[in-house]
Structure formats: C-alpha cells, structure tokens
Amino acid sequence: MLRVYPDYYKEFKCIADKCRHSCCIGWEIDIDENTLEFYSTVKGDMGARLKSGIEYDENGAHFLLTENERCPFLNEKGLCDIIIELGEEHISDICTMHPRFVNDLPDRQEIGIGLCCEEAARIIIGKKSKTMLILEGENDDFDEIVNLRDRAVAAVQERSLTMEKRLKNMLSLFGSDVPEFRRQEIADLLLSLERLDESWTKLLELYKNTDASLSDFSSFMKGREHEYEQLLVYLIYRHMANAPDVFEAGLRAKLTWFVYELIKGLGAAIFADKGSFDFWDQTELMRLFSSEIEYSDENLDIIYDYLTQL
C-alpha cells in the first residue's frame, strides 16, 4: 500500500517539559486494551498508582484527571512518570500517536502531524519552502478526489499570486466562487460553539469587537505569506482526500477558505490591539483554532452546515 506524508513529518519530536500547552492537561486520555492489560500486571507503588488513576466507562478506560485537569502521571516537572518508571513503550497508543493523524484510504495511508500541538504548529507554519508530499510505495490507481486534492494544494502554493487569488483558483476547481465572509456573523457562530480554553473565548470577543484594518495587517505581514500557505496546505492535505464525493471535497475546500479568513482576521485583531504580531502569536493562534474547532467533530459539523448555505 502507498504511504504518504508531508516532508516535515519526521522532524516532529515531543518537547515534553518544554511544552507550554501539554497534551497531558485538559484532554481525556484513553487507554488501549493492550496497554491496559500490561498495567494490570504492574506491581508495587506504580501498580497502585495505575489502579487508582484509571477510570472505566461504557467507552472503555481512561486516566482519571486531577482537579486541575492534569493526567495523574504528569509530574510537577512536566514529565511522564509512566515513561520514567516503565519506559516509553508502555504509554497508551494515543499518547504515542499524538499529535499525529492517520487517514486510511482504499489504496493508500496518509499521515501527518496536527496543529493542536505547539511544536507541530511551529514546524508546519515555520516552513518557508513549499511543502512536498513524500510517497513511499507504488500505486497506479486514479482517484478523482485525491487528484483534486493535489491540484488544490498546487493552487494554494502558486507563489506568483496573492493568497486571495490562490484561494479563488482553488475554489474554482470545485465550481465555487469566493463567498462573502461576514465577520460579526461568524464571530457569533464561533462563540455559540463549545469552547475549552478561556483564551479562545477572549480572542473571539476581541475579534468581534475590534474593527481591525485587514489592509494594514496584510502590509505588516508582507514577507510572511508562507505561514498562511502552510496552513492552507495542511488543511487541504488533512481534510480533503477522505471526502466521500466531489461535493463533500468542495465543502472542505470552503472550510480551507473559511479558516484562512478567520485566522487572518483574528491576527489583525491581535495586531490592532497590541501593535505587534510575531511568529509565536501566529502559532498560538493556529494551535487554539485547531484545538477548539478542528479536534471537535461537533464544532466542525456545525461549521460545515454553515458553509453549505454559502
């Protein structure tokens, strides 16, 4: 089977205690059956900690988070006691995989790293050269959706054009025009969704209440357009190829446009508010979006419903 991944994929390595937004805080951490079976064999103090730190429900087992929403095995230094005591090979599958994602298609497997992780966001958004997809293995089958996806990637990587023109060309592949982006309406929509981080709420409120100049912000961001290009390529690569049909692929193309306009508008609001907007502001902005929207099927579905009306 063909295996596909972006050329930056193998650069990722968890930065553990150096991470400002640990995935061991605020997320329910599931435990796969094989790891759970191993934990049941652990004796002594660690065995007792494992027994008291695991909760069961109808969906299986997961770690019982502390009152501060921390994994009970995340120590005060920001390191994992399971890795320290038992070895990295004995953490749960989801801990091993995160923030990697896998899209299993009939004739290929596509993998990548997700923007919800600050280190992954740094790697993706900080890449100045065009992202290339690495193909391992052979596949001669023609897939219409994958072909459209690859053409969409090429469209947003056409660096002789403005980002707006690139998006227009990308949407035209699916027979769509560029919709009107209604800032106030979209801010209200996003504020109506489930939110996990108060920072996201404050940012959306700033966005709603700040009439920032996009032209001034675009001038300020001149020379940093690759950050938006990498965002678009990431979104197209992650979300489009597994669409069930061309209509759904076109809807995911609209999502790409929607996220670009949103991220740019949020950045402009931050810039207007504090007079600066550096690379770390950008990565944190995209990390927040990914955590709050991209990793919530319910929130994504609501946005897709909105996009079908445009």
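This structure is a prediction, so every number in the text was calculated from the model and none was measured.

Further remarks concern the overall build of the protein. Regarding its fold elements, the protein presents 14 helices and 7 strands. A compact globule built from 310 residues should have a C-alpha radius of gyration of about 19 Å, and the protein, at 21 Å, falls within 12% of that. Taken along its principal axes, the extent of the C-alpha atoms in the protein is 65 × 50 × 35 Å. Within the protein, buried positions represent 48% of all 310 residues. For the protein, contacts bridging at least 24 residues in sequence account for 75% of all contacts bridging at least 6. Once the 35 positive and 60 negative side-chain charges of the protein are each reduced to a mean point, those two points are 7 Å apart.

On to the environment of methionine 240. Topologically, methionine 240 is positioned in the loop between helix H11 (225-239) and helix H12 (246-274). Along the sequence, methionine 240 and leucine 173 sit 67 residues apart, while their C-alpha atoms lie 13 Å from each other. Beyond its immediate sequence surroundings of up to four residues, methionine 240 is in contact with Ile145, Arg149, Ala152, Phe174, Leu235, Ala249, Arg252 and Ala253.

The next thing to look at is the sheet that holds strand S1 (residues 2-6). A sheet is described by the order of its strands in space; here 4 strands give the open sequence S5-S6-S1-S7, paired in mixed fashion. Of all strands in the sheet, those bounded by a partner on one side alone are strand S5 (100-105) and strand S7 (133-136). Shown here is a sheet whose adjacent strand axes are inclined to one another by a mean of 20 degrees, direction ignored. Relative to strand S6 (residues 108-113), S1 runs parallel, the two being bridged by 3 bridges. What sits directly across from valine 4, in S6, is glutamate 110. Taken strand by strand, helix H6 (residues 144-156) contacts S5, S6 and S7, and its axis lies near 35 degrees from that of S6. Here H11 sits on the sheet and contacts S1, S5, S6 and S7; the angle it forms with S5, its principal contact strand, is near 45 degrees.

Another aspect to go through is the sheet that holds strand S3 (residues 54-57). Strand order in the open sheet formed by 3 strands is S2-S4-S3, with antiparallel pairing between adjacent strands. The sheet is open, and its two edges are formed by strand S2 (30-31) and S3, each paired on a single side. In this sheet, strand S4 (residues 60-63) lies alongside S3 in antiparallel orientation, the contact comprising 4 bridges. Bridge pairing in S4 places aspartate 57 opposite glycine 60.

Centre distance and the angle of the planes are the two values used to describe a pair of aromatic rings. All chains considered together, the criterion is met by 16 aromatic pairs. Connected via pairs of aromatic rings, a cluster forms that spans Phe38, Tyr39, Phe63 and Phe73. Positioned above the aromatic ring of tyrosine 207, the side-chain terminus of arginine 183 is 6.0 Å from the ring centre.

What follows is about helix H13 (residues 279-294). Counted at 1.5 Å a residue, the expected span for H13 with its 16 residues is 22 Å, and the 21 Å between its end C-alpha atoms agrees. The buried count for H13 comes to 13 of 16 residues, which makes it a mostly enclosed element.

What follows concerns the nonpolar core. Within the largest apolar cluster, 73 residues are counted, with the highest numbers of intra-cluster contacts made by Met170, Phe258 and Leu307. Element by element, the count of residues in this core is highest for H12, at 13 residues. Counting 15 residues, the second largest nonpolar core, distinct from the first, contains Met46, Ile54, Ala61 and Cys71.

Our focus in this paragraph is the pairing of S1. Among the 5 residues of S1, 4 are classified as buried, and the element is accordingly described as predominantly covered. Bridge count for S1 against S7 is 4 bridges, and the pairing is antiparallel. Within S7, the residue paired with valine 4 across the bridge is leucine 135.

Turning our eyes to something else, we now look at the side chain of glutamate 110. In this fold, glutamate 110 is placed in strand S6. One polar contact links glutamate 110 to arginine 108, side chain to side chain, over a distance of 2.9 Å. Once you skip the residues sitting within four places of it in the chain, glutamate 110 turns out to touch Val4, Phe101, Val102, Asn103, Leu105, Arg149, Tyr237 and Ala241.

To continue, consider the pattern of salt bridges. On inspection of all chains with the given rule, the structure shows 21 salt bridges. Between aspartate 150 and arginine 149 there is a salt bridge, with its nearest N and O atoms 2.8 Å apart. In this structure arginine 149 comes out as buried when scored by relative accessible area, which is 0%. Note that aspartate 188 is salt-bridged to lysine 208, the shortest N-O span being 2.6 Å.

How each quantity is defined
Residues numbered from 1 in each chain as written. Predicted model: local features only at pLDDT ≥ 70, side-chain atom pairs only at ≥ 80, totals over all residues. Heavy atoms only, no water. Helix = DSSP H or I, 4+ residues; strand = E, 2+ residues; numbered from the N terminus. Rg over C-alpha atoms; globule rule 2.2 N^0.38 Å. Buried < 20%, exposed > 50% of the residue type's maximum accessible area, 1.4 Å probe, protein only. Contact = heavy atoms within 4.5 Å. Lys, Arg positive; Asp, Glu negative; His and termini not counted. Charge placed at Lys NZ, Arg CZ, Asp CG, Glu CD. Pairing = 2+ DSSP bridges. Axes fitted to C-alpha atoms, helices over the stretch in contact; angles between N-to-C directions. Phe/Tyr/Trp six-rings, centres within 6.5 Å; stacked < 30°, edge-to-face > 60°. Lys NZ or Arg CZ within 6 Å of the ring centre and 35° of its normal. Expected span 1.5 Å × (residues − 1). Core = buried A, V, L, I, M, F, W, Y, C linked by side-chain atoms within 4.5 Å. Polar contact = N/O pair within 3.5 Å; in protein donor to acceptor, adjacent residues only side chain to side chain. Salt bridge = Lys/Arg side-chain N within 4 Å of Asp/Glu carboxyl O.

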